[in-house]
Amino acid sequence: MSSDGLTAATPADFERLAGDFAATLGPGDVVALSGDLGAGKTTFVRAAVLRLLGSDEATSPTFTLRHTYGGSPRIEHLDLYRLDSPEEAVEAGLHEAFSPDAITFVEWPERVPGLLPGNVVRVEISGSGDAERRITVRRPGGREA
């Protein structure tokens, strides 16, 4: 991905870009997804799960907070939208989703500062509704990819 980010003009483009990004991930990676409501964070995870596991079973864990998708590697999917504090995340056991054996996707990471480990890939998605999406990926160390 370029330093200027990528633009997805259609839903198919967006899903292809998410799948291509997912192919760069491996066990132990943590991906923090930021964007407004309706930006496509869950759609991004669904496309990534499809690419990595061959299944598009991913759904938003907004009310359950965490979904686990079996496979190799296992994929953890967290949605922190409903949380107000790090204590709530710990009480829910969400810290257990970060494993060297799993790829972990986290929607709304800004809701619980301090929960994520240090080396996180940050994916920022802008746009919503029928508008095109702009995707910027920042790898650990501040470099964009």
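Shown above is the structure to which this text applies.
So, how was this worked out
Residues numbered from 1 in each chain as written. Predicted model: local features only at pLDDT ≥ 70, side-chain atom pairs only at ≥ 80, totals over all residues. Heavy atoms only, no water. Salt bridge = Lys/Arg side-chain N within 4 Å of Asp/Glu carboxyl O. Helix = DSSP H or I, 4+ residues; strand = E, 2+ residues; numbered from the N terminus. Buried < 20%, exposed > 50% of the residue type's maximum accessible area, 1.4 Å probe, protein only. Pairing = 2+ DSSP bridges. Axes fitted to C-alpha atoms, helices over the stretch in contact; angles between N-to-C directions. Phe/Tyr/Trp six-rings, centres within 6.5 Å; stacked < 30°, edge-to-face > 60°. Lys NZ or Arg CZ within 6 Å of the ring centre and 35° of its normal. Expected span 1.5 Å × (residues − 1). Contact = heavy atoms within 4.5 Å. Parallel < 35°, antiparallel > 145°, perpendicular 65-115°, else oblique. Left-handed = near helix turned anticlockwise from the far one by under 90°. Nonpolar A, V, L, I, M, F, W, Y, C, P; charged D, E, K, R; others polar.

Student: Sorry if this is basic, but what is going on with the pattern of salt bridges here?
Tutor: Charged atoms that come close allow side chains of opposite charge to pair. Across all of its chains, the model carries 6 salt bridges by this definition. Here D20 and R51 are joined by a salt bridge, their closest N and O atoms 3.1 Å apart. Linking D20 in helix α1 (residues 11–22) with R51 in helix α2 (residues 41–53), this pair joins segments that are 31 residues apart in sequence. On the accessibility criterion, R51 (45% relative accessible area) is partly exposed. Linked through salt bridges whose partners overlap, the residues forming this network are R16, D20 and R51.

Student: What is the right way to look at the sheet that holds strand β7 (residues 133–138) in this model?
Tutor: The pairing of strands in a sheet comes from backbone hydrogen bonds and takes either a parallel or an antiparallel form. Sheet architecture is open: 7 strands sit in the order β1-β7-β6-β2-β5-β4-β3, paired in mixed fashion. One side of each edge strand has no neighbouring strand; the edge strands of this open sheet are β1 (6–8) and β3 (66–69). This sheet shows a mean twist of 20° between the axes of neighbouring strands, independent of strand direction. As judged from the 4 bridges shared by strand β2 (residues 30–34) and strand β5 (residues 102–107), these two strands associate in the parallel manner. Its bridge partner being in β5, V30 is matched across the sheet by T104.

Student: I tried to follow the packing of aromatic side chains on my own but got confused; where do I start?
Tutor: A ring pair, where both rings are aromatic, is described by two values, the distance of the centres and the angle of the planes. Taken as a whole and judged by the stated rule, the model has 3 aromatic pairs. Ring centres of F14 and F44 lie 5.9 Å apart, and the angle between their planes is 65°; this geometry places the pair in the edge-to-face category. Taken together, the residues span a long stretch of sequence, with F14 in helix α1 and F44 in helix α2 at a distance of 30 residues. Note on F14: relative accessible area 5%, which makes it buried. Judged by relative accessible area, F44 falls into the buried class, the value being 0%. Centre to centre, the rings of Y81 and W108 are 4.8 Å apart; their planes meet at 55°, and the pair counts as tilted. Here Y81, found in the loop between β4 (74–79) and α3 (86–91), pairs with W108, found in the loop between β5 and β6 (121–126); they are 27 residues apart in sequence, far enough to count as distant. The buried category is assigned to W108, whose relative accessible area is 12%. Three or more aromatic residues joined by ring pairs make a cluster, and in this case those are F14, F21 and F44. The ring of Y81 has R111 lying over it, and the distance from NZ or CZ to the ring centre is 5.9 Å.

Student: Whenever I open this one, α1 confuses me. Can you help?
Tutor: With 12 residues, α1 ought to run about 16 Å at 1.5 Å a step, and its terminal C-alpha atoms sit 16 Å apart, in line with that. Along α1, the residues classified as buried are F14, L17, A18, G19, F21 and A22. Looking at the buried side of α1, the elements it contacts are β1, β2, α2, β6 and β7.

Student: Whenever I open this one, the packing of α1 against α2 confuses me. Can you help?
Tutor: Describing two packed helices takes the angle between their axes plus the distance from one axis to the other. Direction vectors running N to C along α1 and α2 enclose 55°, while the axes themselves pass 8 Å from each other. Classified by the interaxial angle, the pair formed by α1 and α2 is oblique. When you trace α1 past α2, the crossing you get is right-handed. Of α2, the residues touching α1 (which contributes F14, E15, A18, G19, D20, F21 and A22) are T43, F44, A47, A48, R51 and L52. For the contact of α1 with α2, a count of residues per class yields 8 nonpolar, 2 polar and 3 charged.

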